[in-house]
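What follows is the residue order along each chain.
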Amino acid sequence: MISKKNSNRPVGVIGAGSFGTAIANILAEKTEVLLFSRDPGMVKSIAETRVHRDKSIHKNITPTGDISYLANLCDVIFPIVPSSAFRSVLQQLSPYLYPYHILIHGTKGLDILLPGNKGLNTITSIDRENVMTMSEVIMDESVVVRIGCLAGPNIAKEMSANQPAATVVASHYDEVITQGINLLRNDYFQVYGNKDLIGIELAGVLKNIIAIASGALSGLGLGENAKGLLISRGMVEMIHLGKAMGGNVPAFLGVAGIGDLVTTSNSTMSRNFTVGYRLAKGDSLNTILETMEEVAEGVNTVQIAKLYANSHKVTVPITEVLYRILFEDLKVEEGLQMLMKFPYNVDIDFL
Amino acid sequence: MKSNQEGKQKIYKPILAGTQEWPVVRLSNNRKQLIEQISEEAFQKLIKVQRGHSLREELETTLYLEKLRIKKNPWAVDPEDDYSFWNKIKHELVDLVGSKDASSKEEEILKRIISRYANEIAGNFKKSRYKLAREIIKFGFKRLLNATRIGGFKAIFKNQYTLNDKIQIKGKAKQLRKLAKLGTVVMVPTHFSNLDSILIGWIIHVLGLPAFIYGAGLNLFNIRILAYFMESLGAYKVDRRKKNPIYLETLKTYSKVAIEEGAHSLFFPGGTRSRSGKIENSLKLGLLGTAMEAQRSIFTRHPNNDGRKIFVVPVTINYNFVLEAPNLIKNYLSRKGQERYYVENDEYSTSYKMVKFLVKFFTKGSNISVSIGHGMDLLGNYVDGDGNSIDTKGRIINTRHYFVSNGEIAVDEQRDQEYTRKLSEIIVREFHRINRVFASHLVAFTAFNLWKRQYYKLDLYDFLRLPEEELVIDYADFRETFIEIRECIFKLKKANKVEVAGHLKGNPDEVILTGITNVGMYHSKRPLLLSKEGKITTQDLNTLYYYHNRMDGYDLEKEF
């Protein structure tokens with residue numbers, strides 16, 4: 001099914017990381033794409049070599065380093081940058097945005113806004129108003145209201161190889177969902193709509209925690225029983241935390257929840273999985289982060305999720321243990337023992 | 001009383017010189033044309049949106065419901081031909097079965113029904129009557145006020161006290177006047193008492209604004225005196241008995257067209273009076289949606305940006321004393337407690353009761369303050385003095401752009417609904433922000449929560465059933481907690497999350513005394529009393545709960 005695009009204007013992608021580039025390539029099959037990167041060298045090399053991150057770049061993609069040019073030309077923009085840079089990119093973009101813009105982001109992380117620029121390590125409790133999903137950052141920094149997000153099992157490498165994959169476009173607006181579907185849908189990329197924007201964002205964000213844990217199990221050389229246990233208990237934990245942060249249960253049961261969770265937890269290609277895997281092999285967090293090419297959102301998410309759960313009395317044993325492994329030098333083996341001793345007794349308690 | 005000293009009210013000149021200019025006058029001069037326009041628009045919409053059943057089914061359901069209403073729940077205000085009209089429709093529908101041109105006949109019947117509804121809803125504003133009504137209200141209020149304040153029958157002819165002393169207007173009055181000149185104002189007040197409509201009418205007059213149109217329950221038109229005043233003041237009629245889609249669409253279209261034509265409007269977005277005493281925390285989206293639609297329609301018809309902008313102005317009305325409180329809270333509790341049957345008793349079912357209420361209010365009422373909120377566009381962005389929408393970074397937003405897709409204004413009902421929902425959330429936030437905390441609200445809140453904490457094992461209903469004699473607080477304990485809670489309020493005020501009445505500051509003993517003497521002061525059973533021995537007690541826990549609810553939504557409960 002190839003649907004007609006709604007206008008002749010190009011579509012913008014902000015961020016030329018591996019996921020941003022993969023999305024740009026999918027979009028380019030239907031429309032002209034402007035791909036923004038902050039790095040002038042990168043813009044130049046994409047334009048000249050038509051290859052980026054070992055992937056060829058579709059002929060319909062034009063790289064640019066001028067964010068205002070992109071905003072003026074494109075009504076639909078996909079910001080796909082790490083959560084740590086998301087707010088500053090939005091601040092840069094915001095003066096050129098109008099209420100008719102549609103922003104569909106693909107960032108699976110959280111933003112922290114603490115009064116008086118305090119650091120995460122200095123506080124003991126945190127409220128919802130201090131934790132923002134990326135759609136909330138967009139609303140906070142710009143006049144844009146037609147906001148959506150992408151979430152689902154989409155590992156960039158597989159997408160580039162035209163293997164089957166799917167995504168959810170979540171938004172409160174039918175218009176945004178329709179646009180997202182029209183622009184992204186093709187024979188090997190399935191696109192679903194969902195109205196629970198916050199729920200879908202949180203599903204995408206929180207699954208990264210479990211992905212790290214899954215990597216750690218693999219690193220210990222454990223088998224499939226352990227993984228099945230982790231994924232199902234991890235799911236419950238995601239749902240409890242997700243509910244506490246304003247999502248609804250169904251969002252976690254679909255493509256962006258279970259779908260993405262299973263994928264990431266089994267994928268040796270995933271960054272978060274890699275972090276867990278290497279931790280179990282004995283590398284320290286700092287060494288791992290220094291040698292990684294792209295950001296593993298899960299590390300930051302563990303820290304925020306743990307603090308939020310503690311502040312709102314949500315039981316999150318996996319997150320707790322991961323936090324201690326990541327930031328308090330707990331051994332992965334000991335962490336696993338702690339989890340096995342944890343007195344779970346009810347299987348499903350969120351329905 | 002302390003709040004008396006908060007300053008003399010300013011006198012505002014009318015913003016439009018002659019009533020001829022008033023949008024509502026222009027509307028009533030073109031009444032016939034207006035009704036035709038409404039009928040046509042409502043017809044088009046109803047034909048377009050088929051909710052999964054045929055027009056015939058729609059007509060039959062409406063007919064059935066209307067006949068049921070006539071039989072089960074007739075009112076004095078219903079027209080004489082009510083029965084014959086619907087009976088005729090019935091026969092026509094029967095005759096249509098099997099007929100060839102059935103669908104065009106059905107459309108004709110639909111048109112007739114819509115037109116009948118539109119005629120019924122449309123107001124009958126007459127400026128001569130408006131002036132007379134206004135003078136009568138003013139004169140009456142003033143006399144009553146003086147008789148009671150200064151005392152004695154003779155005082156009825158004195159002019160010492162005026163309504164202005166009794167009702168304080170706070171907040172963005174000046175901006176409201178400006179906005180009413182620049183565009184069309186949709187005023188959305190909180191709703192606690194039947195007095196609200198009269199009060200707001202008075203405020204609109206005091207501020208020098210032209211009359212606003214507002215939807216008034218048709219039941220109020222059963223009362224002759226009230227019907228006269230309300231028609232004169234620009235009311236249109238809303239019949240809550242009629243819940244069929246044809247009626248509702250016609251009603252919404254009336255509101256939309258009137259706003260689009262520039263008539264300033266007033267809705268109580270909570271729908272009915274707050275039963276619980278809480279500030280509204282969810283709003284009815286139907287009428288708000290008509291403002292959204294009107295704005296989009298204006299933008300479509302004025303591609304050059306010269307159409308009138310619509311401004312939403314939230315208003316809160318703050319009372320120490322709500323006459324209906326004991327009944328309202330009883331209603332609320334029995335609903336919440338899921339009692340199967342309860343009879344809604346209308347305190348104002350006759351002219352006599354209404355007058356009695358007004359006399360009671362003016363002979364006994366305590367001070368009232370009305371807070372006027374910041375004007376906003378339909379997306380909830382604040383507007384500046386020139387009516388420009390401003391974003392949180394101080395940049396100007398063109399409201400038109402919210403309705404644009406692919407470079408032009410586009411009709412997208414789902415989007416409009418979502419915008420309306422967003423707007424309603426912002427109005428709720430603004431209500432809480434401009435709400436003025438009175439000492440009476442705060443003492444009620446403190447006492448209720450102290451008792452609730454003492455009986456923390458009971459759920460709300462069991463707690464409310466406790467015998468009042470068991471509930472006693474030592475003044476010293478009360479004072480300590482009161483001061484803490486007041487500090488929280490001041491912090492909220494600093495964070496711009498609430499407003500505070502002037503009398504709340506200062507010596508805590510005086511503030512507490514003001515609060516206790518004022519809270520629900522004229523109920524036969526007082527919500528709070530301070531005995532000579534320094535004990536705080538209550539005679540009516542339900543009513544105390546009602547007044548305490550005013551402070552709901554600020555997350556203050558966690559302080560207990």
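Residues numbered from 1 in each chain as written. Chains lettered and ligands numbered in written order. Predicted model: local features only at pLDDT ≥ 70, side-chain atom pairs only at ≥ 80, totals over all residues.

Turning our eyes to something else, we now look at the overall build of chain A. Counting secondary structure elements, chain A contains 16 helices and 12 strands. Its C-alpha atoms give chain A a radius of gyration of 20 Å, within 12% of the compact-globule value 20 Å for 351 residues. Projected onto its principal axes, the C-alpha positions of chain A cover 60 × 40 × 40 Å. Considering only contacts in chain A between residues 6 or more positions apart, those separated by 24 or more positions represent 73%. (Helix = DSSP H or I, 4+ residues; strand = E, 2+ residues; numbered from the N terminus. Rg over C-alpha atoms; globule rule 2.2 N^0.38 Å. Contact = placed C-beta atoms within 7 Å.)

Residue and element names in this part refer to chain A. Here the domain parsing of chain A yields domain 1 (11-198) and domain 2 (207-341). Measuring from the centre of the C-alpha atoms in domain 1 to the corresponding centre in domain 2 gives 24 Å. Every contact between the two is made by 25 residues of domain 1 and, on the other side, 25 residues of domain 2. Within the residue set of the side of domain 1 that touches domain 2, elements represented by two or more residues are α4 (83-93), β11 (165-171) and β12 (189-194). When the residues that make up the side of domain 1 that touches domain 2 are grouped by side-chain class, the tally is 13 nonpolar, 8 polar and 4 charged. (Domains from an automatic or database assignment. Nonpolar A, V, L, I, M, F, W, Y, C, P; charged D, E, K, R; others polar.)

All names here are of chain B. Strand order in the open sheet formed by 3 strands is β13-β16-β15, and the pairing between neighbours is antiparallel. Each end of this open sheet is capped by a strand with a single partner; those strands are β13 (472-474) and β15 (529-530). Sheet analysis places β13 next to strand β16 (residues 535-537), joined by 3 bridges and oriented antiparallel. Bridging across to β16, Val472 finds its partner in Thr537. (Pairing = 2+ DSSP bridges.)

All names here are of chain A. With respect to burial, helix α5 (residues 134-141) is a largely interior element, 6 of its 8 residues being buried. Where α5 is concerned, the buried positions are Met134, Ser135, Glu136, Val137, Ile138 and Glu141. Against the buried residues of α5 lie α4, β7 (102-105), β8 (111-112), β9 (131-132), β10 (146-151) and α8 (197-219). (Buried ≥ 20, exposed ≤ 12 C-beta atoms within 10 Å, placed from the backbone.)

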